[in-house]
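Each chain is listed here by its residues.
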Amino acid sequence: LKLEYNQKALSTLLELSALAPTDAKIYYNIGLLYDQLGDTVNAQLAYKKSLELKPDYEAAYLNRANAYTDIGDFHAAIEDYNKAIVLQPENADIYCLRGQSKSTLENYQEAIHDFNEAIALSPDDAISYSSRALCKYLLKDQEGARADWMKAGSLGYARAYDFLDGFGLLAF
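Residues numbered from 1 in each chain as written. Predicted model: local features only at pLDDT ≥ 70, side-chain atom pairs only at ≥ 80, totals over all residues. Heavy atoms only, no water.

### Side note on the packing of helix α2 (residues 24–36) against helix α4 (residues 58–70)
Phase 1: Where α2 meets α4, the closest approach of the two axes is 11 Å, and the angle between their N-to-C directions is 25°. Taken together, α2 and α4 sit at an angle that is classed as roughly parallel. The element α2 and its partner α4 pack so that their crossing is left-handed. Each of Tyr28, Leu32 and Asp35 in α2 lies in contact with α4, whose residues at this interface are Ala59, Ala60, Asn63 and Ala67.
Phase 2: Counted by class, the contact of α2 with α4 contains five nonpolar, one polar and one charged residues. (Axes fitted to C-alpha atoms, helices over the stretch in contact; angles between N-to-C directions. Helix = DSSP H or I, 4+ residues; strand = E, 2+ residues; numbered from the N terminus. Parallel < 35°, antiparallel > 145°, perpendicular 65-115°, else oblique. Left-handed = near helix turned anticlockwise from the far one by under 90°. Contact = heavy atoms within 4.5 Å. Nonpolar A, V, L, I, M, F, W, Y, C, P; charged D, E, K, R; others polar.)

### Considering a nonpolar patch on the surface
Phase 1: Taken together, the side chains of Leu134, Leu138 and Phe167 present a nonpolar region at the surface, about 210 Å² in accessible area.
Phase 2: Along the chain, the position of Leu134 falls in helix α8 (residues 126–138). (Patch = residues over 30% accessible without salt bridge, like charges linked within 9 Å, V, L, I, M, F, W, Y side chains within 5 Å. Areas by Shrake-Rupley, 256 points an atom, 1.4 Å probe, with all protein chains shown as cover. Salt bridge = Lys/Arg side-chain N within 4 Å of Asp/Glu carboxyl O.)

### Quick word on the pattern of salt bridges
Phase 1: The final tally for this structure, using the stated rule, is six salt bridges.
Phase 2: As a salt-bridge pair, Asp114 and Arg98 come within 2.6 Å of each other at their nearest N and O atoms. With Asp114 in helix α7 (residues 108–121) and Arg98 in helix α6 (residues 92–104), this pair connects stretches of sequence that are 16 residues apart. Taken as a pair, Asp114 and Arg98 share a single burial class, namely buried.
Phase 3: A network of salt bridges, in which partner residues are shared, links Arg98, Lys102, Glu110 and Asp114. (Buried < 20%, exposed > 50% of the residue type's maximum accessible area, 1.4 Å probe, protein only.)

### Concerning the packing of aromatic side chains
The geometry of an aromatic ring pair is captured by the separation of the ring centres together with the interplanar angle, meaning the angle of the planes.
Phase 1: Counting across every chain of the model gives six aromatic pairs.
Phase 2: Measuring from centroid to centroid gives 5.9 Å for Tyr28 and Tyr47, while their planes differ by 45°, and the two rings are tilted. Here Tyr28 is found in helix α2, whereas its partner Tyr47 is found in helix α3 (residues 40–53), with 19 residues between them in sequence.
Phase 3: The buried category is assigned to Tyr28, whose relative accessible area is 13%. (Phe/Tyr/Trp six-rings, centres within 6.5 Å; stacked < 30°, edge-to-face > 60°.)

### Quick look at unusual backbone geometry
Phase 1: Positive phi outside glycine occurs at Glu106, with the angle close to 65°.
Phase 2: Following the sequence through the fold, Glu106 ends up in the loop between α6 and α7.
Phase 3: The phi torsion at Lys140 lies on the positive side, around 70°, for a residue other than glycine.
Phase 4: Residue position: Lys140 is located in the loop between α8 and α9 (142–154).
Phase 5: For Lys140, a relative accessible area of 74% gives the class exposed.

### Looking at helix α5 (residues 74–87)
Phase 1: Relative to the 20 Å expected for 14 residues at 1.5 Å per residue, α5 spans 20 Å between its end C-alpha atoms, a close match to the ideal helical length.
Phase 2: Within the sequence span of α5, burial applies to Phe74, Ala76, Ala77, Ile78, Asp80, Tyr81, Ala84 and Ile85.
Phase 3: In the core, the buried residues of α5 are packed alongside α4 and α6. (Expected span 1.5 Å × (residues − 1).)

Written out as structure tokens, the structure reads:
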């Protein structure tokens, strides 16, 4: 039912885009629907069109970056996260997402910097603590990793204790 609804909505938005070809929000929403339908390539094209029409559209950069991560293009994702941060520097989630992309590329120190920014903006963000913990662990900072996973667990992220146990840091 949801698939059918999304396909109808997409069809409607595509018709609207012909009637209002300069409306960036229409293309942004087309991108969202393509994302939900699993069509990353067309989602990226729609976000690109949205950004051509409205170059300061932070949400379009953010969603296009997420689409890039879905296909494993972390360098392109980081470029879009960079642009989104310029437009919305107080958004902790963007720093966390950029940090995760950097971590995937094994740029652990840069990733830690992003997780530090995310935590400074949102001190109760358990995912940022857990993500930073993994980077610290991979950089052989077991004490720092343990402290971050303990903090993530105390913030309600139960998987943090699984990481502590799995990496042998629970009774460190």
